[in-house]
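# Descriptive structure summary
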Amino acid sequence: MPLTVTLPDGSTQSHPQGATAHTVAAAIGEGLAKAAIGARVNGDLVDVNLPLPGDCTVALVTAPRQNKKGISKWRDEAHEADALMLLRHSAAHVMAEAIERLFPDTLLAYGPALSTGFYYDLSLDTPISTTDFERIEDEIQKIAAEDRPFTRYALEPVAGMARLMAEDNKYKIDNAQKAIAKGAAELSWYATGEQDKNWEDLCQGPHVPRTGLLGAVKVMSVASSHWHGDVTSDRFQRVYGTAFFTPADLDVHLENLEQAKARDHRVIGRSLGLFEIDEMVGQGLVLWKPKGAVVRDQLQKFISEHLERQGYSQVFTPHIGKLDLYRTSGHFPYYADSQYPPLVERDHLKKLSDEGCSCAELTASMSDGTIEGYMLKPMNCPHHIRIFASDKHSYRDLPVRLAEFGTVYRWEQSGELGGMTRVRGFTQDDAHLFVTPEQLAAEVLGCIELVKIVFKTLGMNDYRVRVGLRDPDSSKFVGEASDWDAAENACIAAAESLDVPFSKEPGEAAFYGPKIDFVVKDVIGREWQLGTVQVDYQLPQRFDLSYTGSDNAEHRPIMIHRAPFGSMERFIGCLIEHFNGSFPLWLSPEQVRVLPISDKFNDYATTVLDALKDQGLRCSMDTSSNRVNGKIKVAQEDKVPYMLVVGGKDADAGTVSVRHRTDGDRGAVPLADFVAAAVKERDERELG
RNA sequence: GCCGCCCUAGCUCAGUGGUAGAGCACACCCUUGGUAAGGGUGAGGUCGUGGGUUCAAAUCCCAUGGGCGGCUCCA
């Protein structure tokens, strides 16, 4: 019985059993048959030479054509993503073959394609180092030059497992067992060339039809990884690479990476003098320099305005607290590994010493929690809870909303630290809301409103939202199912109100309640969680919090933890990259710079400067011996939004010659007009 | 914490065993200028730190601190 194939345009073809996507392409045209490297069959990405499963929809994935410069042209992003996915998965195979040629004792584990490239996890005693990359690339080139076909063959599970057992690669055996457990009807192998003759690898596919399609493959880096992601399990070397259809495409990619590097908040932070992380102060501890402090201060003021409007009360709490506080909250000693060790009081330490306590015993008592002392706070909630508990509350008082830009300290692993996005001391834009069950939904929504306002003001539309729900398959959560339902519904409704993509992620809730997380990407594509809104039934119970209801009985409040931007460090780190260091006027450390064309006009320039200062604009004057061009160059590099070039003509007319950092020369305008416009732009927090 | 790479002037970097270099920034002098760098002179470094090998170490080896990219973790 023939197959009916439906194409993307809705037209249909009839083909005999055994037809492939290639057959379909050939029926349309010879050129398309040559260009087809894979297909979406019923939506799944598959080999172009895989027999079609029956009546189906087929959308061909083609190799791209190139422009004169050799850069690939794509129909759309989906086409590009599909074609590159096929190519990179194939590149991972060819790289594995190359590495096995060079290092025969390599055991392969797992080699997927990524959105920007691919990697292969492999077990090998010899460390692969950057000096090996070129050799590996050369081998890849040879295999690509041979233009061998990717040949797929499959065995049913029993035969397949027998074959794998004989090969004795426990990682591949494990991969196969997992596939079978998931219901795979067969195990497939891909040979680069002919079955049983050329190199082959257990693999689900799909692949491009020939190694010759690998126009440019580059080995990028090597890192360590672990089997099943388990630190205690076997260690792999993970070799990262990327692949493109043409060398020109690779060059574009590498160029983009270079540009991203220049946009990195660590680079900009240094060049603009925003912050410093000093070895002598300590890893992961940020020093906010005067210019960075301006950005942070302006942002905090902006957020504070909205907190006040929304009925928050600002509080201040100390940076340390007694260990008992954290025993009650559950942070100590349970999370001792991610905290700075306790601060032990002199008397207590002396007493232990007098009793003959050894260092080992002291260490043990710190980790088992029997030590007495204080701790740098890892979270602000316990302090805020004690503020709430210090008064007797009526249901009429609720919701109580306590906000603090609260600084916390966490012991992050050294290998994880970097720039401002992962630090050991940071200030959260934190708040804790104590609410009745009836108030929960509205209060969660209120938290989201602030996120909306701030992201909109900053022009940050490119973020995603995760709603973490309880694990449905287990009792990995505390509390009543009905409470969870109410809280989860509140979180989902709040996320829906944002008009951005959000995902529901069962099992990703905290054990004490569901949460909403806000995630953004940095310039090199890494995702960072910024803010979070979490519903918590647990801490009010641990601290035995209560309020008196209208029934004159005691009730337990629900807590909402919320830090919509996470921490000032991480948020501003991301903000620096978002703006590429060119902050909008209201956030710019220096808003206007006056550039007298020579020191003959310093007097007039000073008049201009004073007029700016009168309106509270952050400004300076460049009195260096540079010429105007030089002064502009420096101001542009400092990303100062407005440069006011002033000379004789301006002094005579009472004007300033305005240059904007992105628009360039805007011509002369009366001083008062410029000041008024700048004040408006600043006060309305325009994006500029 | 683990794997790989890196650390030379304030910054960005060159320097493969034989007397420490450049550009920018900085200081001073000349230049007094109209929209992305005018010219000159000068100061600035125990080459991350500690050991070792060597007649001789920025350079080779070991340890250690810090950075980068991943892995793992992120209450």
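Above this text is the structure in question.
Worth saying up front: this structure is predicted, and the values here are computed from it rather than measured.

### A word on the packing of helix 5 (residues 157-167) against helix 6 (residues 170-181)
- One can describe the packing of helix 5 onto helix 6 by two numbers: an axis separation of 9 Å at closest approach and a directional angle of 165°. In terms of orientation, helix 5 and helix 6 fall into the roughly antiparallel class. Note that helix 5 runs across helix 6; the crossing there is left-handed. Here Pro-157, Met-161, Leu-164 and Met-165 of helix 5 lie close against helix 6, whose contacting residues are Lys-172, Ile-173, Ala-176, Gln-177 and Ile-180.
- When its residues are assigned to classes, the contact of helix 5 with helix 6 shows 7 nonpolar, 1 polar and 1 charged.

### Regarding the packing of helix 14 (residues 440-458) against helix 17 (residues 568-578)
- At a closest axis distance of 12 Å, the pairing of helix 14 and helix 17 adopts a crossing angle of 30°. Contacts from Val-454, Phe-455 and Leu-458 in helix 14 reach Phe-571, Leu-575 and His-578 in helix 17.
- Looking at the contact of helix 14 with helix 17 residue by residue, the class counts come to 5 nonpolar, 1 polar and no charged.

### Here we look at a nonpolar patch on the surface
- Together, Tyr-334, Tyr-335 and Phe-511 give the surface a local cluster of nonpolar side chains, amounting to about 360 Å² of exposed area.
- Residue placement: Tyr-335 occurs in the loop between helix 10 (323-329) and helix 11 (346-354).

### Quick notes on the protein's contact with RNA strand B
- Around RNA strand B lies a shell of 56 residues, among which Ser-414, Glu-416, Ile-597, Ser-598 and Ser-657 are the nearest.
- Within 4 Å of the protein, the contacting atoms of RNA strand B are drawn from sugar and phosphate to the extent of 49%.
- One of the side-chain nitrogen or oxygen atoms of His-226 is found 3.3 Å away from a sugar or linking oxygen of RNA strand B.
- Separating a phosphate oxygen of RNA strand B from a side-chain N or O atom of Arg-266 is a distance of 2.5 Å.
- Where the surface near RNA strand B is concerned, the elements lending two or more residues are strand 13 (216-226), strand 14 (235-244), helix 8 (265-271), helix 19 (628-637), helix 20 (648-653) and strand 32 (655-660).
- Examining the composition of the surface near RNA strand B, we find that 6 residues originate from one element, helix 19, more than from any other.
- A breakdown of the residues in the surface near RNA strand B according to their chemical character gives 15 nonpolar, 24 polar and 17 charged.

### As for the pairing of strand 33 (residues 664-670)
- Looking at chain direction, strand 32 and strand 33 are connected through 6 bridges and run antiparallel. Bridging across to strand 33, Arg-659 finds its partner in Asp-665.
- The hairpin turn running from strand 32 into strand 33, its antiparallel successor, is 3 residues long.

### Topic: helix 17
- The buried fraction of helix 17 amounts to 10 of the 11 residues, a majority that puts the element mostly inside the structure.
- Within helix 17, the full set of buried residues consists of Met-568, Glu-569, Arg-570, Phe-571, Ile-572, Gly-573, Cys-574, Leu-575, Ile-576 and Glu-577.
- Trailing helix 17 by a residue or two, Asn-580 shows a phi angle of about 50°, which is positive.

### Regarding empty space enclosed by the protein
- Counted under the stated rule, the structure contains 3 cavities of 30 Å³ or more.
- The space that makes up the largest cavity amounts to roughly 100 Å³.
- Looking at the largest cavity, the residues that line it are Leu-272, Leu-274, Lys-291, Gly-581, Phe-583, Ser-588, Pro-589, Glu-590, Asp-638, Lys-639, Val-640 and Arg-661.
- Looking at side-chain class alone, the lining of the largest cavity contains 5 nonpolar, 2 polar and 5 charged residues.
- Counted as a void, the second largest cavity has a volume near 50 Å³.
- Lining the second largest cavity are Asp-264, His-265, Arg-266, Thr-421, Asp-522, Val-523, Ile-524, Arg-526, Trp-528, Gly-573, Cys-574 and Glu-577.
- Secondary-structure elements contributing two or more residues to the lining of the second largest cavity are helix 8 and helix 17.
- Here the element with the most residues in the lining of the second largest cavity is helix 17; it accounts for 3 residues.
- Residues that form the lining of the second largest cavity fall into these classes: 4 nonpolar, 3 polar and 5 charged.

### Some details on the environment of Ile-71
- If you trace the backbone, Ile-71 turns up in the loop between strand 6 (65-66) and strand 7 (72-73).
- Note on Ile-71: relative accessible area 27%, which makes it partly exposed.
- It is 9.9 Å that separates the C-alpha atoms of Ile-71 and Phe-244, two residues lying 173 residues apart in sequence.
- With residues near it in sequence (within four places) discarded, Ile-71 still touches Arg-65, Gln-66, Ala-248, Asp-249 and Val-252.

### Some details on the sheet that holds strand 10 (residues 150-155)
- The strand order across the open sheet built from 3 strands is 10-11-12, with neighbouring strands paired in antiparallel fashion. Whereas interior strands pair on both sides, the edge strands pair on one side only; in this sheet they are strand 10 and strand 12 (200-202). Ignoring which end each strand starts from, the neighbouring axes of this sheet average 25° apart.
- Relative to strand 11 (residues 187-192), strand 10 runs antiparallel, the two sharing 6 bridges.

### Remarks on the pattern of salt bridges
- A complete count under the given rule lists 48 salt bridges for this structure.
- Residue Asp-82 is joined to Arg-40 by a salt bridge in which the shortest nitrogen-to-oxygen separation is 2.6 Å. With a gap of 42 residues between them, Asp-82 in helix 3 (residues 77-102) and Arg-40 in strand 3 (residues 36-41) connect regions that are remote in the sequence.
- Arg-148 is the salt-bridge partner of Glu-146, the closest N and O atoms lying 2.4 Å from each other.

### Comments concerning helix 19
- Every buried residue of helix 19 is listed here: Lys-631, Ile-632 and Ala-635. All buried residues of helix 19 fall inside an arc of 100° around its axis, so they share one side.
- Looking at the packing, one finds that the buried side of helix 19 touches strand 29 (592-596), strand 31 (642-646) and strand 32.

### Concerning the environment of Gly-664
- Take Gly-664: it is sitting in strand 33.
- Note on Gly-664: relative accessible area 12%, which makes it buried.
- Taking C-alpha positions, Gly-664 is 9.2 Å from Met-643, a pair spaced 21 residues apart along the chain.
- Apart from the residues within four sequence positions on either side, Gly-664 is in contact with Val-658 and Arg-659.

### Some remarks on the packing of aromatic side chains
- For the structure shown, the criterion picks out 17 aromatic pairs.
- With centroids separated by 6.5 Å and ring planes inclined at 80°, the aromatic side chains of Phe-455 and Phe-518 adopt a geometry described as edge-to-face. With Phe-455 in helix 14 and Phe-518 in strand 24 (residues 515-521), this residue pair connects regions lying 63 residues apart in the sequence. Residues Phe-455 and Phe-518 agree in their burial class; the two are buried.
- One aromatic cluster in this structure is built from Phe-455, Tyr-463, Phe-518, Phe-565 and Phe-571.
- A cation sits over an aromatic face here: Arg-163 above Trp-189, 5.2 Å from the ring centre.

### Thoughts on the environment of Met-379
- With respect to the secondary-structure elements, Met-379 resides in the loop between strand 19 (374-376) and helix 13 (381-389).
- The spatial distance from the C-alpha of Met-379 to the C-alpha of Arg-410 is 8.8 Å, given a sequence separation of 31 residues.
- In this structure, Met-379 is in contact with His-331, Val-408 and Arg-410, ignoring residues within four places of it in sequence.

Reading the values: the criteria
- Residues numbered from 1 in each chain as written.
- Chains lettered and ligands numbered in written order.
- Predicted model: local features only at pLDDT ≥ 70, side-chain atom pairs only at ≥ 80, totals over all residues.
- Heavy atoms only, no water.
- Axes fitted to C-alpha atoms, helices over the stretch in contact; angles between N-to-C directions.
- Helix = DSSP H or I, 4+ residues; strand = E, 2+ residues; numbered from the N terminus.
- Parallel < 35°, antiparallel > 145°, perpendicular 65-115°, else oblique.
- Left-handed = near helix turned anticlockwise from the far one by under 90°.
- Contact = heavy atoms within 4.5 Å.
- Nonpolar A, V, L, I, M, F, W, Y, C, P; charged D, E, K, R; others polar.
- Patch = residues over 30% accessible without salt bridge, like charges linked within 9 Å, V, L, I, M, F, W, Y side chains within 5 Å.
- Areas by Shrake-Rupley, 256 points an atom, 1.4 Å probe, with all protein chains shown as cover.
- Salt bridge = Lys/Arg side-chain N within 4 Å of Asp/Glu carboxyl O.
- Near = heavy atom within 4 Å.
- Polar contact = N/O pair within 3.5 Å; in protein donor to acceptor, adjacent residues only side chain to side chain.
- Pairing = 2+ DSSP bridges.
- Buried < 20%, exposed > 50% of the residue type's maximum accessible area, 1.4 Å probe, protein only.
- 1 Å grid on protein atoms, 1.4 Å probe; cavity = no way out; pocket = protein on both sides within 12 Å on 5 of 7 lines; lining within 4 Å.
- Points joined across faces, edges and corners; volume = space filled by probe spheres on them.
- Arc of directions from axis to C-beta.
- Phe/Tyr/Trp six-rings, centres within 6.5 Å; stacked < 30°, edge-to-face > 60°.
- Lys NZ or Arg CZ within 6 Å of the ring centre and 35° of its normal.

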